[in-house]
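Now for the letters of each chain:
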Amino acid sequence: MPKSDQLQRSPADRPSRPLVVVSNREPYLHSVAEDGTVAWEPTTGGVAVALDALMRERGGVWIAHGAGNADRRVVDAEDRLLVPPDAPSYALRRIWLTEAEEHHYYEGFANEGLWPLCHVAHVKPVFRAADWRAYQVVNKRFARAVEAELPDLTSPVFIQDYHLALVARYLRAARPDLRIAQFWHIPFPHPDQLRICPYRRQILEGLLACDLLAFQLDRDRRNFLAAARTELGAKVSRGRVHVQNHVTTVCAVPIGVDFDRIQKVTRDPGLEAEKQRLRRELRIDTPLVGIGVDRLDYTKGIPERLNALDCLFTRRPELRTQLTFVQIAVPSRSKLESYKAVEADIDQRVAAINARHAGDGLAGGPVRYRKSALRIRRLVALYRLADFCLVSSLHDGMNLVAKEFVAAREDFNGVLVLSELAGAAQELGDDAVMINPYDVEGFADGLEQALDMPRDERQRRMRALRRVVAGCDVFQWASNILEGLEQLAPQPLPPPPGGTRRTARPLTRQTATPPVPVDR
Ligand code: G6P
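Residues numbered from 1 in each chain as written. Predicted model: local features only at pLDDT ≥ 70, side-chain atom pairs only at ≥ 80, totals over all residues. Heavy atoms only, no water.

(A) Quick look at the nonpolar core. One finds Phe224 and Phe388 to be the most contacted residues of the largest nonpolar core, which totals 91 residues. When residues are assigned to domains, this core turns out to be shared by domain 1 (16-255 + 474-486) and domain 2 (260-471), each giving three or more. If we skip the residues at most four places from it in the chain, Phe388 touches Val289, Gly290, Ile291, Leu323, Phe325, Val415, Val417, Leu447, Ala450 and Leu451. In this structure, Met55, Val75, Trp96 and Val326 belong to the second largest nonpolar core, which totals 74 residues. (Core = buried A, V, L, I, M, F, W, Y, C linked by side-chain atoms within 4.5 Å. Buried < 20%, exposed > 50% of the residue type's maximum accessible area, 1.4 Å probe, protein only. Domains from an automatic or database assignment. Contact = heavy atoms within 4.5 Å.)

Next comes the structure, spelled out in structure tokens:
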């Protein structure tokens, strides 16, 4: 059955048990509009969009930080509401954080500590005791909310990412028999790099309270297993980590996009008009268009990409009148100095390139830079305008822009220029034009290769890329993880402190066979 049909099923026909998803970022955000009314918008960004598709299909409850300034106005007495607001299909339970908690837990520990720790982007991680304390407090709050929201003890709990590394541990202490999976969306550092973190053992123990722990790539899985062995002295055998009677299965399952939904947008009869609107708004009057779409983050290699474009326009000045490059950068974590610094750097580089390559009679130069998010229809229209899309991450767990671009190219046109340091390179490396963002000249060669590529070759490569991206979409990703979780053998329960042993509730569809290895 096509995914679009599945999405239209009524909740009663749903294929599997409702799911509890836990993440820091919420899928829908409410804010006060200029006229004082409350408006809502979906969170843009690959991860939230991907999980929203899954929740619309499965139903259940999604627990996340309520970050919008009107979020409190629209929830019920239990801090819940049904979403999507225009087609309710699952519950969103909002968690409230004080300003100080947001500062220490989200900006501090998660994004000044763990984010740079896990990405090799040469920004020094910062670990402060106050941030760590807030991280523990907030993780405990998420765990308590999961307990309160559990539809029943057989509901699988699916935790997302590095903001919530301790949730499984707190949850397990209160509910030893729960089935818990966690997906770590970003790279997992090598043990030598992990050693920078003073709280690494607690982070590892927190994650090892899961029954199943999944990473994007085998490299991340191997780094995690090596860290569990060296830091905790854990016994590791056949991808399973044994600590104090508990077994965690650790696997690699690369995330995908909602391929069918993107395809559906490409067939929207209004898409052509949207493309024309974008051309007008962005003042594109050249025959060739290149694009980049990123969160404004120092891991995305945006300055490196601008250097390569600068080099290209210097090598081939005739391109100044033939090629427009559109950079969409979605502001992110903007209170942090490291993000302010990369934003200022990009502003300055765009201005310099545009001044250098404006040429006689050319107003404004070849780069159009917009700092705002795009809704899915505009985003797909932009993907379809492009002759090439640049993904030049310095280090990236996966990079869903690369996969979205491919999903949007039903016309088999357009070239993906992809960093060999992005997780997506593992699956898309054979048919994208591969570049190293640290090699300016080589990157510019890649751009020339993309621009000069014969139509036949472009189409052949895009067909091959589409086969890969369609072959493992977000639904496949989620079911690999959740079915893997269901098939795990029951765990012996640890004796509760000072109490009698609880009995694990049997899970339906549980099998006596060993867990299906979900690594690919
Ligand atoms: C990355 C992380 C996600 C995060 C997203 C946006 O993709 O893996 O967990 O939600 O960035 O970042 P933000 O800080 O805005 O939630």
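After that view, the rundown keeps rolling.
(B) Representation of the pattern of salt bridges within the structure. This structure, assessed with the given rule, holds 46 salt bridges. Residue Asp71 is joined to Arg94 by a salt bridge in which the shortest nitrogen-to-oxygen separation is 3.2 Å. Here Arg94 lies in strand 6 (residues 90-95) and Asp71 lies in the loop between strand 4 (60-65) and strand 5 (80-83), a separation of 23 residues in the sequence. The same class applies to Asp71 as to Arg94, namely buried. Salt bridges sharing common partners tie together Arg315, Arg316, Glu318, Glu441, Asp445, Glu448 and Asp452. (Salt bridge = Lys/Arg side-chain N within 4 Å of Asp/Glu carboxyl O. Helix = DSSP H or I, 4+ residues; strand = E, 2+ residues; numbered from the N terminus.)

(C) Representation of helix 7 (residues 200-207) within the structure. Those residues of helix 7 that sit buried are Arg200, Ile203, Leu204, Gly206 and Leu207. Considered in projection along helix 7, the buried side chains sweep an arc of 160 degrees and stay on one side of the axis. (Arc of directions from axis to C-beta.)

(D) Local environment of the site of the ligand. Neighbouring the ligand are the residues Arg25, Val47, Tyr106, Trp115, Asp161, His163, His185, Ile186, Arg295 and Arg333. Measuring from an oxygen atom of the ligand, one finds a side-chain N or O atom of Arg25 at 2.9 Å. Arg333 is positioned such that a nitrogen or oxygen atom in its side chain is 2.8 Å from an oxygen atom of the ligand. With the chains in place, 81% of the 370 Å² that the ligand exposes on its own is no longer accessible. Class assignment for the residues of the shell around the ligand results in four nonpolar, two polar and four charged. (Near = heavy atom within 4 Å. Polar contact = N/O pair within 3.5 Å; in protein donor to acceptor, adjacent residues only side chain to side chain. Areas by Shrake-Rupley, 256 points an atom, 1.4 Å probe, with all protein chains shown as cover. Nonpolar A, V, L, I, M, F, W, Y, C, P; charged D, E, K, R; others polar.)

(E) Representation of the pairing of strand 11 (residues 240-243) within the structure. The pairing of strand 10 (residues 235-237) with strand 11 spans three bridges and is antiparallel. Residue pairing for strand 11: Ser237 is matched across the bridge by Arg240. What sits between strand 10 and strand 11 in their antiparallel hairpin is a turn of two residues, with Arg238 showing a positive phi close to 45 degrees. Relative to strand 12 (residues 246-252), strand 11 is paired through four bridges, and the arrangement is antiparallel. Each bridged residue has a counterpart across the sheet, and for His242 the counterpart in strand 12 is Val247. (Pairing = 2+ DSSP bridges.)

(F) Structural context of the packing of aromatic side chains. If you walk through the whole model with that rule in mind, you get 18 aromatic pairs. Ring centres of Trp62 and Tyr90 lie 6.2 Å apart, and the angle between their planes is 20 degrees; on these two criteria the pair is classed as stacked. Here the residue Trp62 occupies a position in strand 4, and Tyr90 occupies one in strand 6, the gap between them amounting to 28 residues. Tyr90 shares its class with Trp62; the two are buried. Ring centres 6.0 Å apart and planes at 75 degrees place the aromatic pair Tyr383 and Phe405 in the edge-to-face group. Of the two residues, Tyr383 is situated in helix 13 (residues 376-385) and Phe405 in helix 14 (residues 400-408); the sequence distance between them amounts to 22 residues. An aromatic cluster is built from Tyr105, Phe109, Phe127, Trp132, Tyr135 and Tyr199, whose rings are joined through pairwise contacts. The ring centre of Trp115 lies 4.2 Å from the NZ or CZ of Arg333, which sits over that ring. (Phe/Tyr/Trp six-rings, centres within 6.5 Å; stacked < 30°, edge-to-face > 60°. Lys NZ or Arg CZ within 6 Å of the ring centre and 35° of its normal.)

(G) Representation of the pairing of strand 8 (residues 180-184). Most of strand 8 is tucked away: five of the five residues are buried. Alternating positions in strand 8 separate into two faces, Ile180, Gln182 and Trp184 on one and Ala181 and Phe183 on the other, with burial throughout. Bridge count for strand 7 (residues 157-160) against strand 8 is four bridges, and the pairing is parallel. Within strand 8, the position partnered with Val157 by the bridge is Ile180. Sheet topology places strand 8 next to strand 9 (residues 212-215); four bridges connect them, and they run parallel.

(H) Up close: the domain arrangement of the chain. When its domains are assigned, the chain resolves into domain 1 (16-255 + 474-486) and domain 2 (260-471). Domain 1 and domain 2 are separated by 29 Å when their C-alpha centres are compared. Facing the 31 residues of domain 1 at the interface are 26 residues of domain 2. Both sides of the domain 1 and domain 2 interface together cover about 2,200 Å² of buried area, and 60% of this is carbon and sulfur. The tally of links between domain 1 and domain 2 comes to one salt bridge. The partner of Glu107 in a salt bridge is Lys335, with the nearest N and O atoms 3.8 Å apart. Viewed at the interface, domain 2 and domain 1 are joined by six residue pairs in polar contact (both at pLDDT 80 or more). Among the secondary structure elements, those contributing two or more residues to the side of domain 1 that touches domain 2 are strand 3 (38-42), helix 2 (46-58), helix 3 (99-118) and helix 8 (218-232). Tallying contributions element by element places helix 3 first for the side of domain 1 that touches domain 2, with seven residues. Class assignment for the residues of the side of domain 1 that touches domain 2 results in 17 nonpolar, eight polar and six charged. (Buried area = accessible area lost by both parts, 1.4 Å probe.)

(I) Region of interest: the environment of Val406. If you trace the backbone, Val406 turns up in helix 14. Measuring from C-alpha to C-alpha, the distance between Val406 and Val265 comes to 13 Å, with 141 residues separating the pair along the chain. If we ignore the near neighbours within four places in the chain, the residues touching Val406 are Leu416, Met462, Leu465, Arg466 and Val469.

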